[in-house]
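Observations on the model geometry
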Amino acid sequence: MDQARVESISDREEEELIRENSPDYPLQEIHSNRTHFPGSVRKKAYKFDGQGRFCETAWDLVEGKGNEFCWYHVELPKKNHQLSQAAKYLIGLLCPPLKLQDILSLVSNGPFCGYVDGALIFRVNSPGPPSSECTFRIAARVVENSVITVSLGRVPRLGFSKAGQSLLYEVPSLESPSFTRGERKKVEGIVIKEHVLEFFLKMNHSEEADNPVPKSVSNLLVHIIDTHVDHVQDIVTKLEMELDTVEIELDTGGFAIKKEMLDERRFPKMHINLQRLLQVIAHGEQVFPRVKEKCSSKTWFASEDIASLDELIGRLRRLKENVGFIANRVTAIQAGLDSWQAERINRKLYYLSFLSIIFLPLSIITGVFGMNVGGVPWTDQRNPEIKYGFRNVILLCIVVLFFLLFCFIFPSIYSCLTSWRRRGAVWKGWSINRSFLIRQHGTREERVGYLRI
């Protein structure tokens, strides 16, 4: 394959991959039907035949027949908006046939799992700002032949696409600046650039084209929960890699790097994001076991999918432990920065104290000899009427000084006196008890064995 053609294909695939996985890139509409909010909400509609095949279908919200089942997905914009605005989006897209209680169950904050109008509805909606990458909202309405889901922003690997050429199945090679006889050496395979490699390292899953097509509603439900857990895992991996980079910067950087991190409040913000992730994981631990419990009694829910749900719940628990470890690392780094800042402040105070030690005697001398009283030594003030003024002022200063010293040392003197009186009372009580025991049992030489208490 020609090198120029390989690089053009690689660049095009890289651009498509990054564009597909970017939350800011608008997904293409499957059909030309519009909503009341054009450009704000994205939607997908799929029909599955139950034999491992699927096709994109119209947004008509009808249920499948026989072995067929349909999936309708709504993607709310990941920007700051009120819950009432999100409810308006869903009303414009899902009503009819859904009712107001269905809309409220899908869009409200917090964990929920229960039956609403005969359909199983569950949601894992965190109450954080929608624009934050650590705010997750996924809700689903499940019946026997239809599933309706709502997510905040794009969830990687959630949808399905036709299998095509993928970078994951190519033989990779790195771009090399080596030359042979003045010409660039030919490289076999697809050249993978560094930013694309970093993007793949942050992913804990494959592409949409590699998703196994569900053959039942239970397979689809497991796939939805699996992609949600993968999405949370992606954010945790991203934070962990960012934390590793920050630790390297702190080790190799100097004053400017540390001051910049303190000014930007990077670690408190990271700690807040970790707390949001812990809240999302806690909501999942509450909801998904209840989903498994309610679905286990359904005839259309396969037993192997019950085991898959158990595995996903276990992944959430392990993910919670991992987030806790990262939070401890962030706390330790923040404590190190705080101690570094406190050390800098103490050093400045030390310099200030050193200057005070130098200038305090000088200020005392200038204050004493600058007093406007008579009798100041080494001056020409010889008036007999005011010759004792300087002595009186010095005596007054000495009295005030002793008073202040007494005020400072009085608590220590009081505590010493109290302790001395307490020891005297204990010694007196012990002496009384000892004399009583001696009178009861004779002198110490006459006693044999143990004392009777």
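What you see is a predicted model, and the numbers here were worked out from it, not measured in a lab.

Calculation notes
- Residues numbered from 1 in each chain as written.
- Predicted model: local features only at pLDDT ≥ 70, side-chain atom pairs only at ≥ 80, totals over all residues.
- Heavy atoms only, no water.
- Patch = residues over 30% accessible without salt bridge, like charges linked within 9 Å, V, L, I, M, F, W, Y side chains within 5 Å.
- Areas by Shrake-Rupley, 256 points an atom, 1.4 Å probe, with all protein chains shown as cover.
- Salt bridge = Lys/Arg side-chain N within 4 Å of Asp/Glu carboxyl O.
- Helix = DSSP H or I, 4+ residues; strand = E, 2+ residues; numbered from the N terminus.
- Buried < 20%, exposed > 50% of the residue type's maximum accessible area, 1.4 Å probe, protein only.
- Pairing = 2+ DSSP bridges.
- Axes fitted to C-alpha atoms, helices over the stretch in contact; angles between N-to-C directions.
- Contact = heavy atoms within 4.5 Å.
- Parallel < 35°, antiparallel > 145°, perpendicular 65-115°, else oblique.
- Left-handed = near helix turned anticlockwise from the far one by under 90°.

Describing a nonpolar patch on the surface
- Among the surface-exposed residues, L396, V400, F403, L404, F406, F408, I409, F410, I413, Y414 and L417 lie close enough to one another that they form a single nonpolar patch of about 1200 Å² accessible area.
- Looking at the secondary structure, you find F410 in helix 9 (residues 389–441).

Quick word on the pattern of salt bridges
- Tallying each qualifying case throughout the model produces 16 salt bridges.
- Its salt-bridge partner being E133, residue K238 comes within 3.1 Å of it at the nearest N-O pair. Remark: E133 occurs in the loop between strand 5 (119–125) and strand 6 (137–143) and K238 occurs in helix 5 (residues 217–252); sequence separation between them is 105 residues.
- Judged by relative accessible area, which is 33%, K238 ranks as partly exposed.

Here's the deal with the environment of Q341
- Inspection of the secondary structure assignment puts Q341 in helix 8 (residues 303–369).
- Between the C-alpha atoms of Q341 and K258, which are 83 residues apart in sequence, the distance is 9.0 Å.

Side note on the sheet that holds strand 2 (residues 54–56)
- Spatially, 7 strands are ordered 2-1-3-7-6-5-4 in an open sheet, and the strand pairing comes out mixed. Taken across any chain shown, the strands that pair with only one partner, and hence form the sheet edges, are strand 2 and strand 4 (110–116). Neighbouring strand axes in the sheet, compared pairwise and without regard to direction, differ in orientation by 15° on average.
- Contacting strand 1 (42–48), strand 3 (69–76), strand 6 and strand 7 (146–152), helix 2 (residues 83–94) crosses the sheet at an angle of about 145° to strand 3.
- Where helix 7 (residues 266–295) meets the sheet, its contacts fall on strand 4 and strand 5, and the angle it forms with strand 5 comes to roughly 165°.

Here's the deal with the pairing of strand 5
- The buried fraction of strand 5 amounts to 7 of the 7 residues, a majority that puts the element mostly inside the structure.
- Where burial is concerned, the two faces of strand 5 agree: the one with A119, I121, R123 and N125 and the one with L120, F122 and V124 are both buried.
- Count of turn residues in the strand 4/strand 5 antiparallel hairpin: 2 residues, of which D117 carries a positive phi of about 55°.
- Looking at chain direction, strand 5 and strand 6 are connected through 6 bridges and run antiparallel. Across the sheet, V124 pairs through a bridge with I138, a residue of strand 6.

Details of the packing of helix 5 against helix 7
- Put simply, helix 5 and helix 7 touch, their axes get as near as 12 Å, and they point 160° apart. Between helix 5 and helix 7, the angle is such that the two are roughly antiparallel. Relative to helix 7, helix 5 is oriented so that their crossing is left-handed. When helix 5 is examined against helix 7, the residues L221, I225, H228, V232, I235, V236, L239, E242, L243, V246, E249 and L250 are found in contact with a partner set consisting of R266, F267, M270, L274, L277, V280, I281, F288, V291 and C295.

Some remarks on helix 3 (residues 100–107)
- Listed as buried for helix 3 are D102, I103, S105, L106 and V107.
- Buried residues belonging to helix 3 abut helix 2, strand 4, strand 5, strand 6 and strand 7.

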